[in-house]
Each structure stands twice: as C-alpha cells, then as structure tokens.
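Per-entry structural report
Single-letter residue listing:
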Amino acid sequence: KSLRKVNKMFFDTHLMISEPLRYIEDFVKGGADRITFHLECDNDPMEVIEKIKSFGVLPAIAIKPGTPYEKVVPYLPFIEMVLVMTVEPGFGGQSFMAHQMPKVAAFRKEIDRRGLNVRLQVDGGVDENTVKECAAYGADIMVAGTAVFRHPEGMATAVARLKAAKELFGSKL
C-alpha cells in the first residue's frame, strides 16, 4: 500500500497462501494490478478468479512442480496469466527444475491453439542461463529473484545480463 502511493508500476502479486479468498480485497486495496493464486489452495479456483475480477484486477493461476498442466486448462479462458513454478514454493535460491519446461511448452501450445490472450510466466531458479531455456519453451514473463539480489557482481550486472537475454529472445523479464 505504501509503495502504491509513490509509484505507478504494475504490481504483480503472487499469493502463496492456502486461503486467497480471505485476502484478495486487502491486496486490491494495497494496489495489486494482478493477483496470482495457487491452484492447490483450499478455495474453489473459479470463486477466487471471480472475486479477483470483481475488483477489476487481473487473475492468474500458479501451479507447483508436481501439479499437471491439465489441471489448469479448464481455467485458461478465465485468467490473464498462468505461472509455472520451477522450484517448490517457499524459499529463494533453489535450483531451477528444467523438467518443468515440457509443462511450459504444453501451456504455450494450448494457449496458442485456442488463441487466448494468456501470459505465461516462470518463477524459480531463473538466471542469465535458465532464462534462455524458459524463453525457448514459450514463457513470456520470467521472475528472477535470487539471481538479481544475490548476484556476485551486483544487481545492476544481473539486470543487464537478464535484459540482454530479453533482447535475444523477445521475452519480458
């Protein structure tokens, strides 16, 4: 909420909680532009999507590595983005799970086949090397946390290298 008062940036809010319905309104009031919730949460996914949309905010679904992509397919027409986790949710600094890339490719194929306007995001272990693989499999938004904040040459170098990958692959970072 404090950040929203001082800038107009797009706030992509990822709720890694079991009951997102309880907190959607709070995050909307805080200035969220997109709210991503986990399909594996305790709430009904359509109810969560509808509540997010009722506030004029973009809904998105995240899935853990063990969740098959087919579980999200029925919701694709109702969301703005799908997030494939390439680490187990929890702590930064985990290793990238390359075996999640076929899932990314399956989403890209299904989104394109249906002609949907759904973004495809990858989060977890994304760095200047893995970002290339994410783009090659069809992701258009990549989240890089540890790779930026713990880069041995500093954040500016990390961001520059990720942006160079963006230029090469045309994906959003």
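The present account deals with the structure reproduced in this document. Everything numeric here is computed off the predicted structure, so don't read it as measured data. (Residues numbered from 1 in each chain as written. Predicted model: local features only at pLDDT ≥ 70, side-chain atom pairs only at ≥ 80, totals over all residues. Heavy atoms only, no water.)

**Topic: the nonpolar core**
Formed by 42 residues in total, the largest nonpolar core has its most connected members in Ile 61, Val 72 and Phe 107. A per-element tally of this core places helix H4 (residues 101-114) first, with five residues. Look past the residues within four positions of Val 72 in its chain and what remains in contact with it is Leu 39, Ile 61, Ile 63, Ile 79, Val 82 and Phe 107. (Core = buried A, V, L, I, M, F, W, Y, C linked by side-chain atoms within 4.5 Å. Buried < 20%, exposed > 50% of the residue type's maximum accessible area, 1.4 Å probe, protein only. Helix = DSSP H or I, 4+ residues; strand = E, 2+ residues; numbered from the N terminus. Contact = heavy atoms within 4.5 Å.)

**Concerning the sheet that holds strand E5 (residues 119-123)**
Read from one edge to the other, the open sheet built from six strands follows the order E1-E2-E3-E4-E5-E6, with strand pairing classed as parallel. Of all strands in the sheet, those with a lone pairing partner are strand E1 (12-15) and strand E6 (141-143), marking the two edges. Pairs of neighbouring strands in the sheet enclose a mean axial angle of 25°, with direction left out of account. As paired elements, strand E4 (residues 81-85) and E5 share five bridges and run parallel to each other. Among the inter-strand pairings, Met 85 is bridged to a residue of E5, identified as Asp 123. (Pairing = 2+ DSSP bridges. Axes fitted to C-alpha atoms, helices over the stretch in contact; angles between N-to-C directions.)

**Some points on H4**
Here H4 is 14 residues long and its end C-alpha atoms lie 20 Å apart, about the 20 Å a rise of 1.5 Å per residue gives. Here H4 has its buried residues at Met 101, Lys 103, Val 104, Ala 106, Phe 107, Arg 108, Glu 110 and Ile 111. The elements touched by buried residues of H4 are strand E3 (58-63), E4, E5 and helix H5 (130-136). The first or second residue beyond H4 is Gly 115, which carries a positive phi of 70°. (Expected span 1.5 Å × (residues − 1).)

**Focus: the pairing of E5**
Most of E5 is tucked away: four of the five residues are buried. Two strands pair when backbone bridges link them, and E5 and E6 are joined in this way by three bridges, in the parallel orientation. Along E6, the bridge assignment pairs Val 122 with Met 142. For the segment spanning E5, H5 and E6, crossover handedness is right-handed. (Right-handed = clockwise from strand over helix to strand, strands pointing away.)

In short, the description is geometric, and any link to function would need to be established separately.
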